[in-house]
Every structure is written in structure tokens, then in C-alpha cells.
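Read off the chains here:
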Amino acid sequence: MQQFSFDMIWESFTKFDLPMIRIKDVIEMCLIAFAIYQLLKWIRGTRAWTLFKGMIIIFIVFFLASVLKLHTILWVFRNTINVGIIALVIVFQPELRSALEQLGRRDFVSTFMIFDDDNKERITLQSIEELIKAINQMSKYKTGALIVIEREVGLGEYERTGIPIHADISSELLINIFEHNTPLHDGAVIIRHNQIVAATCYLPLSDNMSLSKELGTRHRAAVGITEVSDSVVIIISEETGKISMAMGGNIIRNVDSDYLRNKLAYQKKTADIKKFKLWKGRQKDG
Ligand SMILES: Nc1ncnc2c1ncn2[C@@H]1O[C@H](COP(=O)(O)OP(=O)(O)OP(=O)(O)O)[C@@H](O)[C@H]1O
């Protein structure tokens with residue numbers, strides 16, 4: 001029987017022709033990993049995230065078609081891929097432009113310091129109560145308001161059109177922001193986690209022809225932002241004081257505070273469950 005010794009193992013190791021890994025290669029790998037991480041982080045903060053998830057599904061279909069040798073599907077893929085890439089560049093031209101602009105004005109020190117913001121707390125019940133309090137008050141006095149609550153899809157590009165606030169949610173602050181004839185009352189407020197991050201933000205207007213003609217630009221802007229993101233928007237009409245809520249490109253008019261409270265608490269609950277599942281998944285991976 002053949003005897004194995006440490007020398008034999010070492011000899012077989014040294015005979016195995018491993019490619020030389022130099023310091024330069026390690027640095028290169030780190031830079032590529034960092035670039036991919038930053039790209040994914042940026043995609044998560046834009047509506048390109050939905051597209052990215054769609055592309056993963058297309059890739060899985062392509063992979064299955066290759067394995068199962070489904071020639072017609074492969075033929076369709078081969079003949080549409082070039083047009084598809086050009087179409088993507090055209091459709092996501094605003095996002096690509098803003099990504100390049102961001103790259104140009106990026107503070108590289110903070111880029112290296114900032115990692116995942118998953119640990120930031122989602123909107124709390126206390127913040128929801130502050131919101132409801134402000135909404136009731138503004139509705140009572142017919143103060144027009146447009147409040148966007150960010151969820152999974154980041155609203156950074158719309159936040160940048162406004163004035164940064166970065167303050168905890170309080171009913172007093174919200175009422176003050178939307179007070180008539182004050183510098184911050186125009187446009188929308190964006191809420192992320194438990195903070196009012198910006199005011200006077202400009203939102204994309206919906207061109208949905210089926211929206212009621214009674215609805216002006218405030219309501220159209222509310223629907224518009226929910227068409228390009230998964231945000232929840234609350235609108236208070238300056239004309240009637242009525243409260244509406246927009247979500248997924250739809251608007252529900254004349255809602256009361258109980259309805260709002262339930263909807264917001266439900267959104268929070270589903271976000272918490274999702275976060276818990278993700279956390280459990282990471283625990284298992286770890
Ligand atoms: N694209 C936009 N992004 C953010 N806010 C907007 C946008 N367009 C309009 N607004 C806000 O809506 C206000 C104008 O509301 P307008 O009267 O046209 O709408 P409305 O839907 O009829 O609302 P209301 O019932 O309050 O009158 C503007 O002063 C501004 O604050």
C-alpha cells in the first residue's frame with residue numbers, strides 16, 4: 001500500500017501550476033468587487049432596481065432555455081438582445097445621466113465609509129401618529145400638502161430637487177412646512193424611515209388619461225411618483241381639505257385618518273416582516 005507523507009503532499013502541491021497572484025491582482029479584484037457593490041447599491045436606490053430584478057428573471061429563462069435546448073426561445077433572445085440593450089439605454093437615460101453626475105461630485109471618503117443602510121429603522125408607529133396628527137390638522141384648515149413616504153425604491157433623484165431638511169417627523173414641523181405663503185410650502189415633502197428628508201421636491205406628473213379631470217397638478221404629481229416607485233403618497237387638497245392617498249399608480253380619494261393609520265401600519269408591518277425574513281436568511285448564511 002502506498003504511504004502518504006507530508007513531503008508527498010507538499011510535492012504534489014508545488015507541481016500544481018497555480019497562476020501567480022500578485023499584489024496588483026488582489027488590488028484589482030478588490031476594486032472590481034467595490035465597483036460591483038457600489039453599482040448594486042446605486043441600482044437599489046433607483047427605479048432601475050425593478051428593472052434589475054426583471055433582468056435576473058430574463059437571465060434565468062435564458063439559462064433554462066439553454067439547458068433544455070429550447071431553440072425558438074434562444075433564437076428570440078439572440079435576435080432581440082442588441083435592440084434590447086439600446087432600448088434600455090434610451091429608457092434609463094435619466095438614471096444613467098444622474099449616476100454619472102453623482103460620480104462626478106462624489107465624496108470618495110464618505111463613499112468608502114457608507115455601507116448598508118438596511119439597519120436603519122423603518123417608520124415607527126409614533127411617526128405614523130405624528131403624520132396623522134398633522135394631516136388632520138391640515139385637512140381641517142384646508143392647507144394643501146403633498147407627503148411622499150419612501151419604501152423600497154429610493155427617491156434620491158426627487159429628493160435632490162428639493163431643500164434638504166433631515167429632521168425627525170413631527171406634526172408641528174409638517175404643519176409649518178406646508179403653511180401658506182412660507183418658503184417651503186410648495187412641492188412635496190419626502191419621508192424616509194423616520195425623517196423628513198426634504199421639502200419643496202418636484203415630482204413627475206402622471207399622464208394617466210383616466211384620472212378625474214377635477215384633479216389638478218398636486219394630485220397628478222402624487223400619482224406620478226407612485227407610477228415610478230413603490231412609495232405611498234398622502235395628499236391634502238387646498239381647495240376642499242379632503243385627504244387622498246396614492247399608491248401603485250392609483251389614487252383613493254376622501255379617506256379618513258383611521259383608513260390612513262391602518263394602511264400605514266400595514267405597510268410598516270409588511271416591511272418589518274420582509275426585513276425579518278431577510279435578517280433570518282442572513283443569519284442562516286452566516
Ligand atoms: N410636479 C409637482 N411636484 C410637486 N408638487 C407639485 C407639482 N405640481 C404641483 N405641485 C404642488 O401642487 C400645487 C398646485 O396644486 P393644484 O391646485 O394645481 O393641484 P390640485 O390637485 O387641484 O390640488 P388642490 O386640491 O390642493 O388645489 C403647487 O403649488 C405645488 O405645491
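Looking up the protein chain in an unreviewed UniProt entry gives the name Diadenylate cyclase, with the organism given as Vallitalea pronyensis. The record in UniProt for the protein chain states the following under Catalytic activity (unreviewed entry): "2 ATP = 3',3'-c-di-AMP + 2 diphosphate".

Student: It is not clear to me how helix α4 (residues 71-91) should be interpreted in this structure. Could you clarify?
Tutor: Because an α-helix completes one turn every 3.6 residues, residues spaced three or four positions apart along the sequence face the same direction. Helix length check: α4 (21 residues) gives 29 Å between terminal C-alpha atoms against 30 Å at 1.5 Å per residue, within 8%. Where burial is concerned, little of α4 is hidden: zero out of the 21 residues are buried.

Student: In this structure, what is going on with the site of the ligand? I would like to understand it.
Tutor: Around the ligand lies a shell of 17 residues, among which Gly-216, Arg-218, Ala-221, Ser-237 and Glu-238 are the nearest. The dominant element in the shell around the ligand, judged by the number of residues it contributes, is helix α10 (residues 217-228), at four residues. Among the residues forming the shell around the ligand, the class breakdown is seven nonpolar, six polar and four charged.

Student: Could you clarify how one ought to interpret the nonpolar core in this entry?
Tutor: The tendency in soluble globular proteins is for nonpolar side chains to be buried as a group. Counting residues in hydrophobic clusters, the biggest one holds 42 residues, and the most contacted among them are Val-148, Val-189, Ile-190 and Val-233. Leave out the neighbours within four places in its chain, and Val-148 touches Leu-155, Ala-188, Val-189, Ile-190, Ile-191, Ile-225, Ser-231 and Val-233.

Student: Even after reading the chapter, I still don't get the confidence of the model for the protein chain, so can you show me in this structure?
Tutor: For any part of a model where pLDDT is low, the fine detail of the predicted coordinates should not be relied upon. Mean pLDDT over the protein chain works out to 81, with 77% of the residues at or above the 70 mark. Predicted as a complex, the structure gets a pTM of 0.67 and an ipTM equal to 0.95.

Student: Where do I start with the sheet that holds strand β1 (residues 145-149) in this structure?
Tutor: Note on sheets: strands pair through backbone hydrogen bonds, and any given pair is parallel or antiparallel. With mixed pairing, seven strands are arranged side by side in an open sheet as β2-β4-β3-β1-β5-β6-β7. Sheet topology places β2 (163-168) and β7 (250-252) at the edges, where each strand pairs with a single neighbour. With strand direction ignored, the average angle separating the axes of adjacent strands in the sheet is 20°. Relative to β7, strand β6 (residues 243-247) runs antiparallel, the two being bridged by three bridges. Within β7, the residue paired with Ala-246 across the bridge is Ile-251.

Calculation criteria
- Position numbers for residues count from 1 along each chain, tracking the sequence in the order it is written.
- A pLDDT threshold of at least 70 governs which residues receive local features in this predicted model, and a stricter bar of 80 or more applies before side-chain atom pairs are shown or counted, although totals over entire chains, interfaces and linings include all residues.
- UniProt positions are given in the numbering used here, feature names are shortened, and annotations may be inferred rather than shown by experiment.
- What counts as a helix is a DSSP run of H or I of at least four residues, what counts as a strand is a run of E of at least two, and both are numbered from the N terminus.
- Here the expected span of a helix is defined as 1.5 Å times the quantity of residues minus one.
- Three exposure classes are used. Buried residues have 20 or more other C-beta atoms within 10 Å of their own C-beta, exposed residues have 12 or fewer, and partly exposed residues fall in between, all C-beta atoms being placed from the backbone.
- For each residue, a C-beta atom is placed from the backbone, and the residue is labelled near a molecule or strand when this atom is within 6 Å of it.
- Polarity classes work like this: nonpolar for Ala, Val, Leu, Ile, Met, Phe, Trp, Tyr, Cys and Pro, charged for Asp, Glu, Lys and Arg, and polar for all others, with Gly in that last group.
- Any set of buried Ala, Val, Leu, Ile, Met, Phe, Trp, Tyr and Cys residues joined through C-beta atoms within 7 Å is what this text calls a nonpolar core.
- We call two residues in contact whenever the C-beta atoms placed from their backbones are within 7 Å.
- One confidence number per residue, pLDDT, is output by the predictor and ranges from 0 to 100.
- Strands pair, by our definition, only if DSSP identifies at least two bridges between them.
- Lines are fitted to the C-alpha atoms to define the axes, a helix being fitted only along its stretch in contact, and any angle between axes, read from their N-to-C directions, falls within 0 to 180 degrees.

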